[in-house]
Each structure stands twice: as structure tokens, then as C-alpha cells.
Amino acid sequence: MSQTSFLSEPRDEEKALQNAPRVAVLVAAPVGQPYDYAVPEGMALEVGDHVRVTLGKREVDGVVWGNASPNNPEKKIRLKPVIKHHAVPRLSEAQRAFTDWVARYTLSDPGSVLRLTLNQPDAYEPPRPQQVYALANPQPAVRLSAPRQRVISILQAGPVAMTAAALAEKANCSTTVIRAMAEGGVLISQSMAEPAPVSINPDHSPVVLSKDQVTAAQSLRDLIAKKEYAAALLDGVTGSGKTEVYFDAVAEVLREGKQALILLPEIALSTQFIRRFEQRFGQSAALWHSEVSPAQKRETWRGVATGRTQVVIGARSALFLPYADLGLIIVDEEHDASYKQEDGVMYNARDMAVVRAHLGRFPVLLVSATPSLETMVNVEQGKYHYLHLPSRHAGAQLPVMQVIDLKNDKPARQRFLSPSLLAAIASTIEAREQVALFLNRRGYAPLTLCRTCGHRFQCPSCSAWLVEHKRKNVLQCHHCGHAQPLPKACPCCNDDANLAACGPGVERIQEEITEAFPTARSLVLASDIVTTPAQMKSAIEQIENHEVDIIIGTQMIAKGHHFPDLTLVGVVDADLGLAGGDLRAGERTFQLLHQVAGRAGRAQKPGRVLIQTVMPEQQVIRALAAHDRDAFLRAEMAERQRAQMPPYGRLAALVLSGPDENALLLACRQLAQAVLRHDEIRVLGPAPAPLAFLRGRHRQRFLVKASGAASRGLVLQAYMTEWLSGVKLPSQIQIKVDIDPQSFF
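Caption draft 1: Representation of the overall build of the protein in the model. Looking only at helices and strands, the protein has 20 helices and 30 strands in total. Here the protein holds 745 residues, and the buried ones make up 50% of them. Across the protein, contacts joining residues at least 24 apart in sequence account for 75% of those joining residues at least 6 apart. When the accessible surface of the protein is summed, it comes to about 34300 Å², and 50% of that surface belongs to carbon and sulfur atoms.

Caption draft 2: Here's a closer look at the pattern of salt bridges. Under the criterion given, the structure shown has 27 salt bridges. Between Asp 49 and Arg 90 there is a salt bridge, with the nearest N and O atoms lying 2.9 Å from each other. Placement of Asp 49 in the loop between strand S2 (35–38) and strand S3 (50–55) and of Arg 90 in the loop between strand S5 (84–85) and helix H2 (93–106) is noted, with a sequence separation of 41 residues between them. The class of Arg 90 is partly exposed, set by a relative accessible area of 45%. Salt bridges sharing common partners tie together Glu 46, Asp 49 and Arg 90.

Caption draft 3: How the structure looks around the packing of helix H12 (residues 373–380) against helix H18 (residues 629–643). Between H12 and H18, the least distance of the axes is 11 Å, while the angle of their chain directions is 90 degrees. Taken together, the axes of H12 and H18 lie roughly perpendicular to each other. Seen from H12, the contacting residues are Leu 373, Met 376, Val 377 and Glu 380; seen from H18, they are Leu 633, Glu 636, Met 637 and Arg 640. Taken together, the residues that form the contact of H12 with H18 break down as five nonpolar, no polar and three charged.

Caption draft 4: Broad picture of the sheet that holds strand S29 (residues 697–706). With antiparallel pairing, four strands are arranged side by side in an open sheet as S28-S29-S27-S30. A strand with exactly one partner marks an edge of an open sheet, and here the two such strands are strand S28 (681–694) and strand S30 (734–739). The average angle at which neighbouring strand axes cross in this sheet is 20 degrees, direction not considered. Across eight bridges, the pairing between S28 and S29 is antiparallel. Note on S29: the bridge partner recorded for Ile 681 is Ala 706.

Caption draft 5: The arrangement of the packing of helix H8 (residues 242–255) against helix H9 (residues 270–281) in detail. The N-to-C vectors of H8 and H9 enclose an angle of 55 degrees; their axes lie 11 Å apart at closest approach. Between H8 and H9, the crossing angle belongs to the class labelled oblique. Here H8 and H9 pass one another in a crossing that is right-handed. When H8 is examined against H9, the residues Thr 243, Glu 244, Tyr 246, Phe 247, Val 250, Ala 251 and Leu 254 are found in contact with a partner set consisting of Phe 273, Arg 276, Phe 277, Arg 280 and Phe 281. A per-class count over the contact of H8 with H9 returns eight nonpolar, one polar and three charged.

Caption draft 6: Spotlight on the pairing of strand S24 (residues 550–553). What you see with S24 is no split at all: Ile 550 and Ile 552 on one side and Ile 551 and Gly 553 on the other are buried throughout. As paired strands, strand S23 (residues 522–525) and S24 are joined by four bridges and run parallel to one another. Bridge pairing in S24 links Leu 525 to Gly 553. Read as a crossover between parallel neighbours, the route from S23 over helix H15 (residues 533–544) to S24 is right-handed.

Caption draft 7: Just helix H10 (residues 294–306), in detail. With 13 residues, H10 ought to run about 18 Å at 1.5 Å a step, and its terminal C-alpha atoms sit 18 Å apart, in line with that. Considered for burial, the residues of H10 that qualify are Lys 297, Thr 300, Trp 301, Arg 302, Gly 303, Val 304 and Ala 305. On the buried face of H10, the contacting elements are S3, helix H3 (110–117), strand S10 (259–263), strand S11 (286–288) and strand S12 (311–314). Directly after H10, the chain includes Gly 307, whose backbone phi takes a positive value near 90 degrees.

Caption draft 8: Structural view of the sheet that holds S3. Taken in spatial order, the five strands of this open sheet run S2-S1-S4-S3-S5, and their pairing is antiparallel. Sheet topology places S2 and S5 at the edges, where each strand pairs with a single neighbour. Here two bridges tie S3 to S5, and the two strands are oriented antiparallel to one another. Residue pairing across strands places Arg 52 opposite Lys 84, the latter belonging to S5. In this fold H2 packs onto strand S1 (22–27) and strand S4 (58–67), with an angle of close to 105 degrees to the strand it touches most, S4. Contacting S1 and S4, H3 runs over the sheet at an angle of about 75 degrees to S1.

Caption draft 9: Region of interest: the side chain of Thr 613. Turning to its location among the elements, Thr 613 is positioned in strand S26 (residues 608–613). Overall, Thr 613 belongs to the buried group, its relative accessible area being 0%. Setting aside residues no more than four positions away along its own chain, Thr 613 makes contact with Val 403, Ile 404, Asp 405, Leu 406, Ala 574, Asp 575 and Ile 621.

Caption draft 10: Spotlight on the environment of Lys 559. For Lys 559, the location among the structural elements is in the loop between S24 and strand S25 (566–571). The class for Lys 559 is buried, based on a relative accessible area of 3%.

Caption draft 11: Molecular detail of helix H16 (residues 585–597). Helix length check: H16, at 13 residues, gives a terminal C-alpha distance of 18 Å against a target of 18 Å (1.5 Å per residue), a fit within 8%. The element H16 is extensively covered by neighbouring structure, given that 12 of its 13 residues are classed as buried. Taken as a whole, H16 has its buried residues at Ala 585, Gly 586, Glu 587, Thr 589, Phe 590, Gln 591, Leu 592, Leu 593, His 594, Gln 595, Val 596 and Ala 597.

Caption draft 12: Region of the structure containing the nonpolar core. If you look at the biggest cluster of nonpolar residues, it comprises 122 residues, and the most contacted ones within it are Val 27, Leu 261, Val 312, Ile 329, Val 364, Leu 525 and Leu 656. At six residues, the largest contribution of residues to this core is made by helix H11 (residues 349–360). With residues up to four places along the chain from it excluded, the contact list for Val 312 reads Ala 260, Leu 261, Ile 262, Ala 286, Trp 288, Val 304, Ala 318, Leu 321 and Tyr 323. One finds Ala 217, Phe 277, Phe 281 and Ala 285 within the second-largest nonpolar core, a separate group that totals 34 residues.

Caption draft 13: Fine view of the environment of Ala 180. With respect to the secondary-structure elements, Ala 180 resides in helix H6 (residues 175–183). For Ala 180 and Met 536, which are 356 residues apart along the polypeptide, the C-alpha to C-alpha distance reads 34 Å.

Caption draft 14: Quick look at unusual backbone geometry. Pro 138 follows Asn 137 through a cis peptide bond whose omega is 5 degrees. With respect to the secondary-structure elements, Pro 138 resides in the loop between strand S6 (130–135) and helix H4 (146–157). Between Gly 685 and the following residue, Pro 686, the backbone shows a cis peptide bond with an omega angle of 10 degrees. With respect to the secondary-structure elements, Pro 686 resides in strand S28. Positive phi outside glycine occurs at His 546, with the angle close to 55 degrees. Structurally, the position occupied by His 546 is in the loop between H15 and S24. Judged by relative accessible area, His 546 falls into the buried class, the value being 18%. Positive phi values are uncommon outside glycine, yet Gln 644 reaches one of about 55 degrees.

Rules and cut-offs
Residues numbered from 1 in each chain as written. Predicted model: local features only at pLDDT ≥ 70, side-chain atom pairs only at ≥ 80, totals over all residues. Heavy atoms only, no water. Helix = DSSP H or I, 4+ residues; strand = E, 2+ residues; numbered from the N terminus. Buried < 20%, exposed > 50% of the residue type's maximum accessible area, 1.4 Å probe, protein only. Contact = heavy atoms within 4.5 Å. Areas by Shrake-Rupley, 256 points an atom, 1.4 Å probe, with all protein chains shown as cover. Salt bridge = Lys/Arg side-chain N within 4 Å of Asp/Glu carboxyl O. Axes fitted to C-alpha atoms, helices over the stretch in contact; angles between N-to-C directions. Parallel < 35°, antiparallel > 145°, perpendicular 65-115°, else oblique. Nonpolar A, V, L, I, M, F, W, Y, C, P; charged D, E, K, R; others polar. Pairing = 2+ DSSP bridges. Left-handed = near helix turned anticlockwise from the far one by under 90°. Right-handed = clockwise from strand over helix to strand, strands pointing away. Expected span 1.5 Å × (residues − 1). Core = buried A, V, L, I, M, F, W, Y, C linked by side-chain atoms within 4.5 Å.

None of this, on its own, says anything about what the molecule does.
Listed below in C-alpha cells is the structure:
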């Protein structure tokens, strides 16, 4: 009797897959390497192709990353087949190299980095045909109303065809007008699969540049003409016309037929910026940020990949779009901490923009009135070109600075604006000019307590006080989002008459302004009140139309805005950012207050800035008052160099978190015992993180400091990888590695 075999022979299709060509695919998921897949018969794939494959029990998108590992005939490995080849252009070699580089630098999974690029899976599907309208040729001889004339002018300027909704919005008319024009033969309608390319005219409306602007613009054109990597800093005082200079560089790149990316640190900056872009180039650029609709993102993603989209204006994530032929990156307000991604893949978009330009062999321009120390050191070391605009544009003068010592010029009891500032506000309003009051603190009060028993309202999930928001009548945590109604009585002692709001937020300053100037029109600009670009646009229009006398805002008012009638800026609490042990506290405070001060007197009317402080002797305050940025930078650099702190050394933060504090401390001890010896690397900690309890998890932090040769290249990353690989921690313990941390919470 013959022995029965329980191993069945492979089916014909499985045999075919075993003998089929194989490719390595990196999927857009948290994986550390590409996986091998079989290429089905009739499918041709090359490196960079976008594909859909099976990962475990689910289907995911990915990119062909290279050749598969050599086939070993002794190992009967049944590869899964590639499911689909997406019909979009290949991911460029530079973008693939960028993905790998970011993964190595940030100690992230390459698949997680790739997911930043493949974040619009529906963009793989061809867009549905849409009805568009174009000018009839020849035009019928008919009388046209003003709205119809606007429609014709828009189509003559380009693009040649637009949807009824887009055309009506741009012409400020209804879609009924568009359809009536088609019925009358003025327009023709047609079905279009892909949106019509928007041709941005680099010579639409160039502005007359000053002598300094011409010099800087010519230097940028020279860098672009070389068609190779270069990094440059455009350093100019607030109001010096830096935007017009780099618009000239964008125009030059468009003439070369390449794409340009302009990074902005805040979504709020895009409102006025887009309008300036349209005035200069006659067309809008593509927008990319979290508030853009999925349909717009899908169209932009495909447009960038095909090369149809010429210019993108976006937040930090726009850096990872699949550009067909990128020729220039501009990082506006390069010093801004918003460029640092604090979750997931933790990258600094400013630094990664320099890497992307280097890999793509084209220029990158960093722009700021208050450059970061890292950038200034790179200029000093000759790594970056230096372009300087030392004076304001069109003859405008820098504002007069005045320091108010709150120890001498005291506000009234339970008030926060000094007599000197109140008097300046009164005279400014009387002159029919505008005032901006800056306080970088949202809400009504940062702390609410009971005067009877001392109870303080704290977030149940974080080691943070709840912030009172009087408009919404809630107490809210600004770290995890927890919110609860503002109680009428203390939950500990039930006293209903002694709950006190401690300290000011912007809402409380508005309350004080309303009491002091009951006829003045005030507006609060803060991220919890102005939450969408549409709301920001409306607020800016109110300010520009002088429907607002006093603007009260957080850092939303600090950058990018140009209000000709704004002549007085009051800084309510200049010392706020100097508290705590943040390495960059002084630098950030100077940058923020300098930017706020720069909103005053940007046109023909002279400006004033009043800075309230209890520490007028602080180096930051003295430098601001004297308009002496360079002296502040020199002192800050010298202090950092003595301590071998960034940019003269390197830091990495390692934050461990877990639901059980004892288990977390045990894991920290294991990690501390496994620390590797290195002459130029020190590991500090563990210690409780400044926010030791966040979103229901306890947190401990290590700080790794590298100096000398260990601060260059990827030495620090190699050290971290070897150290962490030697310790096996429980699954409930999460580790977050932050290379070059910008914040230390």
C-alpha cells in the first residue's frame, strides 16, 4: 500500500506566481522594509510605480522600491501577487531617496514616512468627467452685463475652461449666469476628464523692486540658473518686501517649466498671502493644509504628480507631495516652531526642505526677519548664501519701541493694562488708527481656583490646569481637549461665591478693553475662536475695512499680516514665554515679540510698540527696545556654544509613557541600565516629563546630548538605535524618539 502524501501540488496559478518576476514594494504602513511580491502575467512594473498589494489580511497601497531579494529554489515561498498597478506617474528617484533619508534621520519606519506621501488613496482613481465652460469662438455680437463681462475676462486670462461653480465664484456671480451665457452661445460647455491646467503667468504683474530687493532677487535668479542644489537665507526686517523678492524667484522657476513649493508655518497666514499671489501672478496656487477639502486635496495630489500643478502653497505636510519636477522650495518664517511635527514621524519641515532640495539638486530659500540660530550658524559657516534687506519697503520706518515696567506703572487692581498703555490706546483710537494687543494665551483665564478652600481645577487626564473660556462657559484642557461646564460652586467645599479666574487670557483683555473703551470696536483673533480659513478671511476683511479699532490676539496676529492703519502694538505680558526651562525660551520670545512689533507702522503712518514687563533688565527686552537683533543673537550663540547646546551640539529626547506608573518606572530603570558608554554622548534622566501625566498616561523623559564629532552626521541616530535595540520593554510602554526636539513637554 503506497504512502499517502498530505502535501498537495501547487495549482497552476500558484506555479505561475512562483516563476513570475518579483519586485520589492514599500507599503504605506508602519513597516521597516520593503516586502517581495510577484508580478502577475501581463503586468509590467518598474521602480517607482504605484501599486496595490495585500499586507496581512488587508489591501494597502505602496510603491515599487527595487528588485526583490534573490530567489532561493530550496525555499518554497509563496509570494502574494501585486493586485493592481495604479495609472499615475512614478514616484521620482529624489522622492524615494527623501523617504529613506527622513526615515533614517528621524528613526521612523520607512513605510510610515511613505504614508505621508500616499495620504490620498482616492487620488489613484481617475477623476469623474466634469462639465466645464470655455469661450465660444467666434463670439456672438451681443450686449453683455457687468457679470458676463467679468466671466469673459476671467476666461481670457486663463484657464481656458472652468466649472460653472469655480467660474461663478471667481466672477462673483451665480451659476445661472454661466449657464445662460452657454445657452446664448457666448460660452460652450464640454466634458473634461482631468481639470484644465492652470497656467500661472510669471510676468502677469511684476512689481517695481527697490535697490536692495533687486540685488537679492538677482542673486536668487543666479542660483536657479545653475540648476543645482543651493541653500540661501533671505534676512529682512519686517515690512522690507521679502515676499516680493521670492515671488520673483518663483517666476523664474515657472519660466524654466518647473514646480515651486512655498511653505507657510500657519494656515492663518494663507488668506492675505493667496491674495498677494493672485495679484502678482494672475492665478491662484494650489493650497495644501488640514482645512482643504478632500476633493481639492485629491485634485492637487494628482496635479502635483502629473506636473499640471505648478505652485503649491502649504503647511509642512506639503513637503511630502509627489512632485513631478520640483525646482524651488521657499520656507517662509523659517524660524517658526510650527514647522516641527510633534506626532507620528517627528520631522522639522525646515530642515527636511533643505534635504529635499539637496536630493533633488535645486535651490531652497529660507526667509525670516528673525532667523533661527541654526540657520545663522549655517550662514556663518558658509553653508548657506546670505541675502539681506536692511530697511522697510517704500520708505516706511521701524516703529518706536517703549518698555513699560509694570513694577512702576501698575495696572489697576484685577486689571492687566497699565495706565501708559491705556493712554496710548486712547490717543490712537482718537486719531482713527488701529491698535493690536498681543497676549499669547487663549481663553479667559489660565487658572480657576476656589478662594475658600484653594481647590484648583485640573484636567483629569493631564497634569495641566483647565483654562476658562468665558464665551463658551467651559473649562478646557489645551493638551488633550477635555472640556467641562464652568461650575457654579466649588466641587470640594460647595462654596458658590468664591471661584476666581487667575491671570489673563485674550478674552479677559477684551473684557477690560470693552470696559475702558465702550464705543471702540474690538475683535479677538485666537485659534479657538477663529478656526477656519473662511473665518480668518472675514476677520482680515473687517480689519482692512477699518470695521475694527482694537485687535486682541495670540500669535495669530504676529506674522504675515499687513494692516496700513495699524500704528500701535501693545504687548500685554512680554515675560510669558520666558518662564520654564526651555532651551529656546529667550530665542522664541525675541522672535515672537519682534514679529508682533513688526505689525505696527508698516505703511506711511509711523508706528509705536509698548512692551509691558516686570523684567525690563532681561536681555531679550533690552534687545527689542534697542532694535538690536544681532546683539541678542551673538549673546545667545555664545551661551549655546559654551554649553555645547544646539546648534553647536545635538539633542534627542526619549519619552516613555504608560498607564501604570510603577511599570513605567521599572521600564525606565531597565533602559537606564542599558545605556551605552560614549565619550561624546551623555544620557540624562530619566526624570518626569514637564507634563508628567498626559491623556491618561504617565510620562518619563531621557535627554540625550551629543557634542563634538558625535553631533555630526547620523552618529546620534546610530547610538540611539543600538541602545534601544538592547532592551525589550512591555507592550503597554510606548517610546517616542524625537531627534532635534523643539519643545520639551
